[in-house]
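# Observations on the three-dimensional arrangement
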Amino acid sequence: MPKITAEGKNLTVLNLFSTDSAEKQDSLLAAMREIVDAAAYDGWISSTVHSGQTKFGTANFIQWRSTEDLEARYAGEEFKHRTLPLFGEITTAIRLLQNEAVFTQVKPGAGPTEIGPEREDYTVIDLYGVAEKHQDDLVETLGASQDWLQKVPGYRSHTVLRGLRGRGIEGKWVVVYAQWDSKEAYDAFREQAAEDRSAERRKIDAKVDALAIWRDSNTYRVVHTRSAGE
């Protein structure tokens, strides 16, 4: 099962695909499974496929040895003439995001952050646009400043990714990849009335609102994963 760490040794790629129907989402998932199961690229470490829950779409959390290995994959004839055209036919938006994992946190007593379908996580991926000069501040606000999350019922973990370069996106960004026990636990947290939130949470929320230019979010279930050598 792939593990997420903030040691900075590998490149983390998050491919986010949006679509507009359940049928197209199923087609995306089938195509992604096929690609993941056949993967044998130099420098490829793992891929974990996610099925959109709140909105139609998919996510692929991919670990690579380096940017150079990923760019070699992008330059290949298969990717340019088969993979991209296929996804272009069944998506409404494609974001291919290269990131650096810079922070991870888990609830007390839990082991390292892992991703796989057998864990049955309710996964939330939040994408924040940010001015380059404020990117580090937003990383800090969404990461180390959120230790209070460990006391929230249903919280399992969250990882902060600093955006490096990407396709289908403008400017800089920060990603939060979070795991929860259930949809109910996450919804209770997200929908808590502002006046009922702790002073610490309200302070963090205000700072995020001040730093982020825009925000996009979806929830997911992990449906497939594979690592090199399997």
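Our structure's up above, just so we're on the same page.
One structure accompanies this document, and this report is about it. (Residues numbered from 1 in each chain as written. Predicted model: local features only at pLDDT ≥ 70, side-chain atom pairs only at ≥ 80, totals over all residues. Heavy atoms only, no water.)

Secondary structure summary: the protein chain contains 6 helices and 10 strands in total. Radius of gyration (C-alpha) of the protein chain: 17 Å, near the 17 Å computed for a compact globule of 230 residues. Expressed as lengths along the three principal axes of its C-alpha atoms, the size of the protein chain is roughly 55 × 35 × 35 Å. When burial is assessed residue by residue, the protein chain has 50% of its 230 residues classed as buried. Taking all contacts inside the protein chain whose residues are at least 6 apart in sequence as the whole, residues at least 24 apart take part in 80%. Working note: accessible area of the protein chain is about 11,000 Å², and carbon and sulfur atoms make up 48% of it. Here the protein chain holds 29 positive side-chain charges and 36 negative ones, and the gap between their average locations is 2 Å. (Helix = DSSP H or I, 4+ residues; strand = E, 2+ residues; numbered from the N terminus. Rg over C-alpha atoms; globule rule 2.2 N^0.38 Å. Buried < 20%, exposed > 50% of the residue type's maximum accessible area, 1.4 Å probe, protein only. Contact = heavy atoms within 4.5 Å. Areas by Shrake-Rupley, 256 points an atom, 1.4 Å probe, with all protein chains shown as cover. Lys, Arg positive; Asp, Glu negative; His and termini not counted. Charge placed at Lys NZ, Arg CZ, Asp CG, Glu CD.)

Read around the barrel, 8 strands follow the order 2-4-3-10-7-9-8-5 and close on themselves; strand pairing throughout is antiparallel. Across the sheet, the mean angle from the axis of one strand to that of its neighbour is 35°, orientation sign disregarded. Of the strand pairs in this sheet, strand 8 (residues 155–167) and strand 9 (residues 172–180) are connected by 7 bridges, and their pairing is antiparallel. If you follow arginine 162 over to strand 9, its bridge partner there is valine 174. (Pairing = 2+ DSSP bridges. Axes fitted to C-alpha atoms, helices over the stretch in contact; angles between N-to-C directions.)

Taken as a whole and assessed by the stated rule, the structure comprises 9 aromatic pairs. In textbook terms, an aromatic cluster arises when at least three aromatic residues are bridged by ring pairs, as seen for Tyr122, Trp148, Tyr155, Trp180, Tyr186 and Phe189. Over the aromatic face of phenylalanine 189 sits the side chain of arginine 201, whose NZ or CZ is 3.9 Å from the ring centroid. (Phe/Tyr/Trp six-rings, centres within 6.5 Å; stacked < 30°, edge-to-face > 60°. Lys NZ or Arg CZ within 6 Å of the ring centre and 35° of its normal.)

Taken N-terminus to C-terminus, the directions of helix 1 (residues 22–38) and helix 3 (residues 77–90) make an angle of 165°; their axes are 10 Å apart at the nearest point. One finds that helix 1 runs roughly antiparallel with respect to helix 3. Classified by chirality, the crossing of helix 3 by helix 1 is left-handed. Here Lys24, Ser27, Leu28, Ala31, Met32, Glu34 and Ile35 of helix 1 lie close against helix 3, whose contacting residues are Arg82, Thr83, Leu86, Phe87 and Ile90. In terms of residue class, the contact of helix 1 with helix 3 is made up of 7 nonpolar, 2 polar and 3 charged. (Parallel < 35°, antiparallel > 145°, perpendicular 65-115°, else oblique. Left-handed = near helix turned anticlockwise from the far one by under 90°. Nonpolar A, V, L, I, M, F, W, Y, C, P; charged D, E, K, R; others polar.)

What follows concerns the pattern of salt bridges. Within this structure, the stated rule accounts for 18 salt bridges. Put simply, arginine 73 and glutamate 78 hold a salt bridge, and the shortest N to O gap is 3.6 Å. Given a relative accessible area of 12%, arginine 73 falls into the buried group. What makes glutamate 78 partly exposed here is its relative accessible area of 39%. Close ionic contact of aspartate 187 with lysine 183 constitutes a salt bridge, the shortest N to O distance being 2.5 Å. In this pair, aspartate 187 and lysine 183 both sit in helix 5 (residues 183–190), 4 residues apart, roughly one turn of the helix. For aspartate 187, a relative accessible area of 13% translates into the label buried. If you follow the salt bridges from partner to partner, you end up with Arg119, Asp121, Arg156 and Asp181 in one network. (Salt bridge = Lys/Arg side-chain N within 4 Å of Asp/Glu carboxyl O.)

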